[in-house]
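Residue-level structural notes
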Amino acid sequence: MSTHVIVLLVIMAILLATTVGLYFLGKRMEKRQDEQRAQVEANARSVSLLIIDKKRLKLKDAGMPEAVVAAAPWYTRRAKLPIVKVKAGPQILNLICAEEIFDAIPLKKEVKATVSGLYLTGVRGLHGRLNTEPVKKGWRAKLADRLNKMRGQAR
């Protein structure tokens, strides 16, 4: 066999092994995430909170306890997390918010929230519905919407 064929076979074998390895790693991580989600839901409780502020901050800058910062993996310490500053009774707390609900949280309003430890996992309006303003789209999102509309009309 020629050298080119051998090189291509080795590259294909490496790619196949990498793909199989990533598949099994993904399955294991998915199982771990399901266990963690079940644990968070088991510890969840409803609390009335006053939302003071919400920002995306690094874990160090968010004012989290040292034990939380030390227990966090290295990639979480570097990433900016959705942090919500709330008042629960007389205490002012910083909570890590779920990414899905971060945009729906109103500022300077009292809400009924689902809290599990330091995690804010759900928000409902305390006095009626949440009046959240629509998020302003950037030029890239507007362009993608226009393209989708054009594709829909052409079909």
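Our subject is the structure listed above.
Here is what the cut-offs are and how they apply
Residues numbered from 1 in each chain as written. Predicted model: local features only at pLDDT ≥ 70, side-chain atom pairs only at ≥ 80, totals over all residues. Heavy atoms only, no water. Pairing = 2+ DSSP bridges. Helix = DSSP H or I, 4+ residues; strand = E, 2+ residues; numbered from the N terminus. Axes fitted to C-alpha atoms, helices over the stretch in contact; angles between N-to-C directions. Salt bridge = Lys/Arg side-chain N within 4 Å of Asp/Glu carboxyl O. Buried < 20%, exposed > 50% of the residue type's maximum accessible area, 1.4 Å probe, protein only. Core = buried A, V, L, I, M, F, W, Y, C linked by side-chain atoms within 4.5 Å. Contact = heavy atoms within 4.5 Å. 1 Å grid on protein atoms, 1.4 Å probe; cavity = no way out; pocket = protein on both sides within 12 Å on 5 of 7 lines; lining within 4 Å. Points joined across faces, edges and corners; volume = space filled by probe spheres on them. Nonpolar A, V, L, I, M, F, W, Y, C, P; charged D, E, K, R; others polar.

Strand order in the closed barrel made by the five strands is 1-2-3-5-4, with mixed pairing throughout. Neighbour to neighbour, the strand axes of the sheet diverge by 50° on average, direction disregarded. The pairing of strand 2 (residues 80-88) with strand 3 (residues 91-97) spans six bridges and is classified as antiparallel. When the bridges of strand 3 are listed, V86 appears paired with L93.

A word on the pattern of salt bridges. Per the stated rule, a full pass over the model turns up four salt bridges. The closest approach of N and O atoms between D53 and K55, which form a salt bridge, is 3.7 Å. Taking relative accessible area as the criterion, D53 reaches 26% and is therefore assigned partly exposed. Measuring nitrogen to oxygen at the nearest pair gives 2.5 Å for the salt bridge that ties D145 to K137. Its relative accessible area of 46% is what places K137 among the partly exposed residues.

This brings us to the nonpolar core. Judged by nonpolar contacts, the single largest core of 16 residues is most densely connected at L49, V84, C97, I101, I105 and L120. Of all the secondary-structure elements, those providing two or more residues to this core are strand 1 (45-58), strand 2, strand 3, strand 4 (110-116) and strand 5 (119-125). Sequence-distant contacts of V84, defined by excluding residues within four places in its chain, comprise I51, D53, K54, L93, N94, L95, C97, F102, I105 and L120. Counting residues in each nonpolar core, the second largest holds eight residues, with M64, V69, L81 and I83 among its members.

Roughly 1,300 Å³ of internal volume is contained in the largest pocket. In terms of lining residues, the largest pocket is bounded by 30 residues, among which Q33, Q36, V40, I96 and Y119 are the most central. Mapped by element, the contributors of at least two residues to the lining of the largest pocket are helix 1 (3-42), helix 2 (66-71), helix 3 (74-78), strand 2, strand 3 and strand 5. In terms of residues, the lining of the largest pocket owes the most to one element, helix 1, which gives eight residues. Partitioning the lining of the largest pocket into residue classes produces 17 nonpolar, eight polar and five charged.

Bringing the pairing of strand 1 into the picture now. Pairing geometry for strand 1 and strand 4, over six bridges, is antiparallel. Bridging from a neighbouring strand, L49 pairs with V111 of strand 4. One ladder, built from eight bridges, connects strand 1 with strand 2; its direction is antiparallel. When the sheet's bridge partners are listed, L50 is paired in strand 2 with K87.

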